[in-house]
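# Structural overview
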Amino acid sequence: MTYTARDEWEQHYGEGKGWRRLGEREQQLLAEHAPVPEGAGRALDVGCGTGELAAHLAGVGYTVDAVDLAGSAIARAREEHAGIEGVRWLQLDIERDDPAPLHEAGYDLITLRLVYPFVGDRGRIVHGLGERLRDGGALVVITPVVENTPEERRGIALDEDEITLLGAGWATVERLDADGLAFLVLRGPCHLDTRAVEKRPTTGHSLTGALAVVTDAAGRVLLGRSRRGMLELPGGKTTGPEDFAAAAVRELAEETGLVADPADAHVVTMLVDDSHGVPRLTAVVRITAWTGTLANPEPDKFNRWEFFDLHALACVGDVFAPAALALDAVWPGILPGLPPATSYPIAADQPPVPGEPAEAARLRAAMTQMVIDGGWAPSERVQEALRTVPRHRFAPEANLLAAYDGGDRAVITRRDEAGAAISSVSAAWLQADMIEHLSLEPDAVVFEAGSGGYNAELIAHVTGPRGRVVTVDIDPWVVLRTRRFLTEAGSGRVTAVEADATHGAPAPLVPRGGFDAGMITYNCWDIAPAWREQLAEGGRLALPLEMGGYTRAVTFERHGEVLHARHFTYCGFVRDQGQQARTIPVLSLLDGGLTLRFEHGTATDTTGLEKALRGPRHEVPTGVTMGANAYFGSLQLYAATTLSGFCRLAAHQEPEEGVTGIAKDRDAPAIVGEASLAYLIHVKTKDGDSPQNKEWEWTVHAFGEQGPALAERLAATVRAWDRHVRADDNDQHADPVLTVHPAGTPDDALPAGDVLDKTYCRLVFRWPGRDVVLPGPVERSVADVVAEGV
């Protein structure tokens, strides 16, 4: 007897049937190998049936979540154990339902008693349950084994191969006997690094074949656990004049029992590699629709077929090399450490493929609500885009919780050799905020620099059925990935182009009159002329602009040759890799204990600064204080755009080991003079039991002969900020009036304000109160400083 459908289980329990009673030996082993942690513990009983094990665990001190897919089982459990406290009885199909009812903080013990052989997607379920274990927790599987089970009932038992697979990837596996049942205790991370492996050498001169990539209604991919001890995709060699798509459809039916129409089979990539020196050509065939019931018609070749979560593919163990390469062709980046191969993507006319678990829809709705509650998405069209576009499908390597994190966390999708992030899916609130301030109208045509797919699809959704987005990226891998994800889950209204975005979009893709809006999704030290030139008059451009090393997402509006800032948002993005990528001058001091970063791009003469830093330190309290959670990003930007000689001083040692008082791996605003330096830190002046009772004062430290004058100048800047820019409400700090003019604009053609020159443009800042005379710049001699009366 092997039930596969919910109604069979409902009938089983509805007719009063049950299973083998919980034995004394099982209870003893649980007490010995899974005792209740000190201070109580939480357990999850999967496939609880009528609740005998759950009731036992509650009786020994666990708080228990007992789940079963059959409502008749849960009803009987509640009735038969009505007097038991500490158990939540939950009707939940652990394979198919949204796991929202499960305890978010995880479990100390997870049990599967007499249920594991009935699980279909065993690898996925065990991996998912393992991720819910707390540190030190255990997964206990109690199951019949083939050697102790009559032949006619071996469908409910595990053979030795299955038991070996069950334990793969766990740090420790203990196997015990419970009166003929296998009692397995699994501990540690249930991750097994994925490896691309080969089969035995072939006797042919060359190999050609087709692999079918199939997903279910939840977006999970079908893989077979072969008798060779590896995971494989459905597929095989072509026969005679058979085309690749037909071969994939045929092999799918022969190996899994699933049926697909050749019209729903799309060759998306041709892979060229070799097997033991023999050339191999593999067609990657994406199956977009299928029917039938998953089976295992070739048990001599496969143990079973099951569907796997995409984000878990990096830790499933051995995968047949062509299958691993094929998975990466459909979802680039999904698998690490692949063997070399040549890939020829084909522009197949493939429709989007639906499919997501209920959990994704719930998490997307929660993320959207968090963004709305934060005030980042006030318009209905942006809200609807967040609710609709499947963010997780543009970051398939991330689990759903990470993909739909509604906070500040971005999903890193690519790193350079040093480990620095170079491509990501940005935080949802920031994407929503930038899109909102573009003020997009229906049918708008929008330029995006920095691809990935998700942000472009949000924009496409906001602009409606006749809108269009052109997204450009310099990294061919990112463009390939973006195109694949747009094909899998996009609207068809986004065009991905491989090019240096500094030059804007290719001319044939620029609409007459220019783009209605533009968005840059990486940190920009400068503003490329093409972004303004390809923007329609009155159109808006949103980009993360670096000013003194501090980044703000600024929304500009074009009027002639000038961009006028309309909105500022505090943010951070990955850095530019194209023509505008900058190398910031950096000076190391005191044997690497300190570094000076000249974020504006031009280093100041620092001769004699090392000697000054070994001399006395001058301190100037500003009188400006702040409490916990105070926002001072506006002070950083104010100093960076109003002080000549501005730089940032970073510490690489603990404060007590150095001379600055700056926390290790943090930096402070600074200005440099002749063999002199001043920088700004905050010093605690009031302590308390709660954050609300604590207070800090902005204080200037300075070194060198000009240090006192530099300190007074920096202190005056802080006081001016406090009077004219700062607000009690963190969200109400004053922003500058900012205009951006083409490089080469004469000084007399610029408006009044502080000018920050870039390569391609001149930024003019007009801060509130800057008409107030502040101490002038420090000159190169002390005599000049004194003469100015500073």
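A quick note: this is a predicted structure, and the numbers were derived from the prediction, not measured.

The rules behind the values
- Residues numbered from 1 in each chain as written.
- Predicted model: local features only at pLDDT ≥ 70, side-chain atom pairs only at ≥ 80, totals over all residues.
- Heavy atoms only, no water.
- Helix = DSSP H or I, 4+ residues; strand = E, 2+ residues; numbered from the N terminus.
- Buried < 20%, exposed > 50% of the residue type's maximum accessible area, 1.4 Å probe, protein only.
- Contact = heavy atoms within 4.5 Å.
- Pairing = 2+ DSSP bridges.
- Salt bridge = Lys/Arg side-chain N within 4 Å of Asp/Glu carboxyl O.
- Axes fitted to C-alpha atoms, helices over the stretch in contact; angles between N-to-C directions.
- Phe/Tyr/Trp six-rings, centres within 6.5 Å; stacked < 30°, edge-to-face > 60°.
- Lys NZ or Arg CZ within 6 Å of the ring centre and 35° of its normal.
- Polar contact = N/O pair within 3.5 Å; in protein donor to acceptor, adjacent residues only side chain to side chain.
- Core = buried A, V, L, I, M, F, W, Y, C linked by side-chain atoms within 4.5 Å.

### Notes on the overall build of the chain
- Regarding its fold elements, the chain presents 19 helices and 36 strands.
- Along the first, second and third principal axes, the C-alpha set of the chain runs to 105 × 65 × 50 Å.
- Counting over 790 residues, the chain shows a buried share of 53%.
- The long-range share in the chain, meaning contacts at least 24 apart out of those at least 6 apart in sequence, stands at 64%.

### Re the environment of Glu-174
- Position of Glu-174 among the secondary structure elements: in strand S6 (residues 172–178).
- Expressed as a C-alpha distance, the spacing of Glu-174 and Leu-184, which sit 10 residues apart in the sequence, is 5.6 Å.
- Setting aside its immediate chain neighbours within four residues, Glu-174 contacts His-33, Phe-183, Leu-184, Val-185 and Arg-187.

### What about the pairing of strand S30 (residues 646–651)?
- Of all six residues in S30, six are buried, a share of seventy percent or more.
- Burial along S30 is two-sided: Phe-646, Arg-648 and Ala-650 facing one way and Cys-647, Leu-649 and Ala-651 facing the other are all buried.
- Relative to strand S31 (residues 667–673), S30 runs antiparallel, the two sharing five bridges. Looking across to S31, one finds that Arg-648 is bridged to Pro-669.

### A short note on the pattern of salt bridges
- Following the criterion strictly, the structure yields 50 salt bridges and no others.
- The partner of Arg-195 in a salt bridge is Asp-318, and the shortest N-O contact between them spans 2.8 Å. Of the two residues, Arg-195 sits in strand S8 (residues 192–197) while Asp-318 sits in strand S16 (residues 316–320), which places them 123 residues apart along the sequence.
- Between Glu-557 and Arg-540 there is a salt bridge; the shortest N-O distance is 3.1 Å. Of this pair, Glu-557 sits in strand S25 (residues 550–559) while Arg-540 sits in strand S24 (residues 535–547); the two residues are 17 residues apart in sequence, bridging distant segments of the chain. Arg-540 carries the same exposure label as Glu-557, and that label is buried.
- One connected set of salt bridges, linked through shared partners, spans Arg-6, Asp-93, Arg-96 and Asp-97.

### So, the sheet that holds S25
- Read across the open sheet, the 10 strands follow the order S22-S21-S20-S23-S24-S25-S26-S34-S36-S35; overall the sheet is mixed. Of all the strands in the sheet, just strand S22 (494–498) and strand S35 (754–757) have a single pairing partner and so form its edges. Shown here is a sheet whose adjacent strand axes are inclined to one another by a mean of 20°, direction ignored.
- Where strand S23 (residues 515–520) meets S24, four bridges bridge the pair, whose relative direction is parallel. From the neighbouring strand, Ala-517 faces S24, where its bridge partner is Arg-540.
- Packing of helix H14 (residues 476–489) onto the sheet brings it into contact with strand S21 (468–473) and S22, and relative to S22 it is tilted by some 160°.

### A look at the packing of aromatic side chains
- What the rule picks out here adds up to 15 aromatic pairs.
- Seen from their ring centres, Trp-376 and Trp-429 are 4.4 Å apart, and the 45° between their planes marks the pair as tilted. Placement of the pair is Trp-376 in the loop between helix H9 (358–373) and helix H10 (380–388) and Trp-429 in helix H12 (residues 428–436), with a sequence separation of 53 residues.
- What makes Trp-429 buried here is its relative accessible area of 12%.
- Each residue in the set Trp-9, Tyr-13, Trp-19 and Phe-118 is aromatic and connected to the rest through ring pairs, giving one cluster.
- Between the NZ or CZ atom of Lys-199 and the centre of the ring of Phe-320, over which it lies, the distance is 4.3 Å.
- Taking NZ or CZ as reference, Lys-758 lies 4.2 Å from the ring centre of Trp-525, over its face.

### Focus: the side chain of Asp-309
- Its place among the elements puts Asp-309 in the loop between strand S15 (302–308) and S16.
- One polar contact links Asp-309 to Arg-220, side chain to side chain, over a distance of 2.8 Å.
- When residues no more than four places from it in sequence are discounted, the contact partners of Asp-309 are Arg-124 and Arg-220.

### Observations concerning the nonpolar core
- Val-221, Leu-233, Leu-313, Leu-327, Trp-331, Leu-386 and Leu-440 are the most contacted members of the largest nonpolar core, which totals 75 residues.
- The biggest single contributor to this core is helix H8 (residues 321–330), with seven residues.
- When residues no more than four places from it in sequence are discounted, the contact partners of Val-221 are Val-213, Val-214, Thr-215, Leu-233, Glu-306, Phe-307, Phe-308, Leu-310, Leu-313, Leu-327 and Trp-331.
- By size, the runner-up hydrophobic cluster in this structure holds 58 residues, among which are Ala-449, Ala-528, Ala-640 and Ala-711.

### As for the sheet that holds strand S3 (residues 87–91)
- With mixed pairing, seven strands are arranged side by side in an open sheet as S3-S2-S1-S4-S5-S7-S6. Two strands close off the open sheet at either side, each with one partner strand: S3 and S6. When strand polarity is set aside, the average angle formed by the axes of neighbouring strands in this sheet is 15°.
- Bridge analysis of strand S1 (residues 41–46) against strand S2 (residues 62–68) gives six bridges, and the strand direction is parallel. The partner of Leu-44 across the bridge, within S2, is Asp-65.

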